[in-house]
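# Fold and contact review
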Amino acid sequence: MTESLAPASSAAGRSRQQGTPEGERGATRARRGGLFAAGVLAALAAGACGGRVVVDGFEPPDGAGGSAGTGGSTSAATPDPTGSGQGGDINEGGAPPIPPLVEEDLGEIAIGVPVPVDIPPGTLGFTAIAQLMTSPPSFDPIGIAEIYGPDGRTFMADYTIPGTLASFYNQGIGTAAVPQTGAAASVPLVPGTYWITIGDGGFGRPTAPTRLSVWRRQTLDGRFHGGKLDINAFIAGEAISEEYLQSALRRAYQGFVGLDVGSVTVHRLGAEWGFVDEELLPILLEQTAGARGRPALNVIAVSQFGGRLESAAGATPSAPSVAVEHGTHLSGIVVTLFEDPQVDTAILRHELGHFTGLFHTTEIEPAFADPLDDTVRCDDALELLELCPDYDNIMFPTGGDFSGRMTPQQTTIVQASAVYRGIVENGGGAADPLPAGRGPSPAGRAPDPAGRGQAGHGAAPAPGDSAWAAALPSRAATLLAGHFCGHSAAAGADYFALLRATGGADADRLLAVGRDPGAPVQARERALAAAGRAAAPSTASARVLADLEALAVDPRLPRRARLGAIQGVAAASPAAARALAARLAADPDRVVGRMAIRAAR
């Protein structure tokens, strides 16, 4: 059976109106810092109290506080009593002889003061995490202002990496990682003393204490030997079936960059969390508090994105985000899935790429790209789209051709992250997970890993080659069928403005795509939402509006197409949206009814 986490309204000590999504919105507006700044990071493990805290199930001998023989406190994982935490293909070997993942808790740190951190040989990478120590999580900005290395080289400064859209601060928690650039993506990482400075993002010194911790991944020889990716899967209401979500997660992540899927634990969230926009995103991520195991990837499946995120398929709050603590504003990725295995695999891998520290190979804004040496850059991603040399890369801003290509440096960055339970030597076994650091740890179910999909998948046919796209400009069809990523929205990209710029502004052509059963379901949804916007100022708006209303109430259409029609009606006429909501309030598809009511607000 699946499990139910405590509803948002039960969160103790919240001043937000009973913890509901609508109650959170006003507080979010009032206390926003660098909300959803692309490239903002991870989390501080609760309960750390100085010295080194070892995760991944390693328990050193008496007197040894982690690697290098330094003193300090340690904590080892409690094995999963069901044994299901050892899912996947890595069952050989015993407990790791050294800890794969080590936390150095540096305690309370002053803003603006460089702090030395010793990185020993054998390190694949590390993640620096700054956090305001408040409960509930703070909305004041905090982050990593600067990291420079043993030779004086600057890895990031002024909260960014030049040439990227990274902003390494966020609401209450922020982080940056090494490696995230091509120059640092060596195996193993250059050892020595690194200097880390935390800051407030320039928004004013916070009043709460600020703590810094550094999570370091290591192996015996400084090379990657595999590991297990544990997943907490959250389903908001009836956003997706549990069976499909589990299948999609295993298909996407089994074998990805050499990792096996470990446990997949399903949690249920209330239907009120089925809609998320940029203001609700951090509050939704707070709902992961109490999930099991660390490190683990939290994946939240929702019905619909709105606001600046409308038409997005995935949103990750920062690059990288946090796998070592649940319930923070950076504790997971949020997706809406289309039940197309190839498309959903690309969405899940793209967002995990951001989660572990990858940027888009080329941003929608032409002046920016990732900081890697072995990825190619497109001169103008929006103008060229499928003609871009990096269109086959999984981190292209639209997901590219869905073939999932990654370069060696991209792979190194994911492998150096803190998202998985590691193996430290050839033939070794993956370490056990560490239980959640704070909050209740509900007894969820981790299903048998049988039936995983294959890791690889081929390129999708170009949309322009399909009958449904024949009447559209090729770039417009590509946008309709692709992956609109929340990081593009965070950088200021408006999906519908992009669609208009590619020639996708003809309401009748968009309606035709929405009606076409041969079109991908994400293209149908987006086309109908765009049709309402295209019709709003035109003389044909009444006819288009009537067509959208008819599609919205048609139970024979896929849910996604109906949701797109509802969005189109709301864009064309708020009054019509209110009338449509009344008609759909008792619709058998409760997601359709709920989203119609929301669209009418």
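Residues numbered from 1 in each chain as written. Predicted model: local features only at pLDDT ≥ 70, side-chain atom pairs only at ≥ 80, totals over all residues. Heavy atoms only, no water.

### Some words on the state of the cysteines
Applicable threshold: Note on terminology: pairs of cysteine sulfur atoms within 2.5 Å are recorded as disulfides. Think of it this way: any DSSP run of H or I at least four residues long counts as a helix, any run of E at least two long counts as a strand, and we number them from the N terminus.
Across all of its chains, the model carries one disulfide by this definition. One disulfide bridge connects Cys378 with Cys388, the sulfur atoms lying 2.0 Å from each other. The S-S bond linking Cys378 to Cys388 shows a torsion near -65°; that makes this disulfide left-handed. Pair noted here: Cys378 is in the loop between helix H4 (341-356) and helix H5 (381-384) and Cys388 is in the loop between H5 and helix H6 (408-415), with a separation of ten residues, a long-range link.

### With respect to the confidence of the model for the protein
Which entries qualify depends on this criterion: Values of pLDDT, ranging from 0 to 100, describe the predictor's confidence in every residue of the model. Between two residues, a contact is recorded if the distance between any of their heavy atoms is within 4.5 Å.
Mean pLDDT over the protein: 83, with 79% of residues reaching 70 or higher. Ignoring residues within four places in sequence, the model shows residues 1-18, a span with pLDDT below 50, making 43 contacts including any to other chains. Here residues 25-92 is a poorly scored stretch, pLDDT under 50, and it has 235 contacts once near neighbours within four places are set aside; other chains count.

### Some points on the nonpolar core
Definition in use: The set of buried Ala, Val, Leu, Ile, Met, Phe, Trp, Tyr and Cys residues whose side-chain atoms join them within 4.5 Å is what this entry labels a nonpolar core. The cut-offs for exposure are 20% and 50% of the maximum accessible area for each residue type, with area from a 1.4 Å probe on protein chains only; residues under the lower value are buried, those over the upper are exposed, and the others partly exposed.
By size, the foremost hydrophobic cluster in this structure holds 76 residues, and its most contacted members are Val334, Trp468 and Leu480. No other element matches helix H11 (residues 521-535), which puts seven residues into this core. Counting 45 residues, the second largest nonpolar core, distinct from the first, contains Ile231, Val257, Val264 and Met406.

### Re H6
Counting buried residues along H6, seven of its eight residues qualify, which places the element largely inside the surrounding structure. Burial in H6 covers these residues: Gln409, Gln410, Thr411, Thr412, Ile413, Val414 and Gln415. Against strand S5 (123-132), strand S11 (210-218) and H4 lie the buried residues of H6.

### Structural notes on the packing of aromatic side chains
Put simply, the rule is: Any two rings among Phe, Tyr and Trp, with Trp reduced to its six-membered ring, count as a pair given centres within 6.5 Å; such a pair is stacked if its planes are under 30 degrees apart, edge-to-face if over 60, and tilted if neither. In our convention, an over-ring charge means Lys NZ or Arg CZ found within 6 Å of a ring centre and within 35 degrees of that ring's normal.
Counted according to the given criterion, the structure contains ten aromatic pairs. With 5.7 Å between their ring centres and 85° between their planes, Tyr159 and Tyr169 make a pair best called edge-to-face. Of the two residues, Tyr159 is situated in the loop between strand S7 (154-157) and strand S8 (169-171) and Tyr169 in strand S8; the sequence distance between them amounts to ten residues. Overall, the relative accessible area of 15% leaves Tyr169 in the buried class. On the numbers, 6.4 Å between centres and 50° between planes, the contact of Tyr253 with Phe256 is tilted. Pair check on accessibility: Tyr253 and Phe256 agree, each one buried. Through a chain of ring-to-ring contacts, the aromatic side chains of Phe126, Phe155 and Tyr194 assemble into a single cluster. Note that Arg217 overlies the ring of Tyr420, its terminal NZ or CZ placed 3.6 Å from the centroid. The ring of Phe496 is capped by Arg533, whose NZ or CZ atom sits 3.8 Å from the centre of that ring.

### Focus: the pairing of strand S6 (residues 141-148)
For the record, the criterion: Note on pairing: two strands pair once DSSP finds at least 2 bridges between them.
Here S6 lies mainly inside the structure; six of its eight residues are buried. Here three bridges tie S6 to S8, and the two strands are oriented antiparallel to one another. Following the sheet pairing, Ile142 is matched in S8 by Asn170. Across five bridges, S6 lies against strand S10 (residues 192-199) in antiparallel orientation. Each bridged residue has a counterpart across the sheet, and for Glu146 the counterpart in S10 is Thr197. Note: S6 against S7, three bridges, orientation antiparallel.

### Remarks on the packing of helix H13 (residues 559-572) against helix H14 (residues 574-584)
We apply this condition: Comment: axis = line fitted to C-alpha atoms, over the contacting stretch for helices; angle = value between 0 and 180 degrees taken between N-to-C directions. Classes in brief: Ala, Val, Leu, Ile, Met, Phe, Trp, Tyr, Cys and Pro nonpolar; Asp, Glu, Lys and Arg charged; the others, Gly included, polar.
In contact at an axis separation of 6 Å, H13 and H14 are set at 145° when each is read in the N-to-C sense. Each of Arg562, Ile566, Val569, Ala570 and Ala572 in H13 lies in contact with H14, whose residues at this interface are Pro574, Ala576, Ala577, Leu580 and Leu584. A per-class count over the contact of H13 with H14 returns nine nonpolar, no polar and one charged.

### What to know about unusual backbone geometry
In most cases, non-glycine residues show a negative phi, while peptide bonds are predominantly trans. Here the residue pair Val178 and Pro179 is connected by a cis peptide bond, since its omega of 10° sits within 30 degrees of zero. Among the secondary structure elements, Pro179 is positioned in the loop between strand S9 (173-178) and S10. Omega for the peptide link from Arg294 to Pro295 comes to -10°, which places this bond in the cis form. In this structure, Pro295 sits in the loop between helix H3 (281-286) and strand S15 (297-301). One non-glycine residue with positive phi stands out, namely Tyr159, at about 65°. The phi angle at Val257 is positive, at roughly 45°, despite the residue not being glycine. Locating Val257 in the fold gives a position in the loop between helix H2 (242-253) and strand S13 (259-269).

### Structural notes on the packing of helix H7 (residues 474-481) against H11
What counts is decided by this rule: By definition in this entry, angles of less than 35 degrees are roughly parallel, angles greater than 145 are roughly antiparallel, angles of 65 to 115 are roughly perpendicular, and the rest are oblique.
Running from amino to carboxyl end, H7 crosses H11 at an angle of 110°, the nearest separation of the two axes being 7 Å. As summarised for this structure, H7 and H11 are arranged roughly perpendicular, according to the angle between their axes. Contacts from Leu479, Leu480 and Ala481 in H7 reach Gln522, Ala523, Arg526 and Ala527 in H11.

### Observations regarding the pattern of salt bridges
As a reminder of what qualifies: Whenever Lys or Arg places a side-chain nitrogen within 4 Å of a carboxyl oxygen from Asp or Glu, that contact is recorded as a salt bridge.
One pass over the structure, following the stated rule, counts 13 salt bridges. Asp151 serves as the salt-bridge partner of Arg153, at 3.6 Å between the closest nitrogen and oxygen. Residue class for Arg153 comes out partly exposed when judged on its relative accessible area of 31%. For Arg556, the salt bridge goes to Asp554, with nearest N and O atoms at 3.0 Å.

### Some words on the environment of Asp380
In plain terms, the rule: Pairs of N or O atoms within 3.5 Å make up the polar contacts considered here, provided that, within protein, one atom can donate a hydrogen while the other can accept it, and that residues adjacent in sequence are counted only when both atoms are side-chain atoms.
Mapped onto the elements of the fold, Asp380 is located in the loop between H4 and H5. Each C-alpha atom of the pair Asp380 and Pro366 lies 5.2 Å from the other, and the pair is 14 residues apart in sequence. Other than its neighbours up to four places away in sequence, Asp380 contacts Pro366, Leu385 and Cys388. Within the structure, Asp380 has its side chain in polar contact with the backbone nitrogen of Glu383 (distance 3.1 Å).

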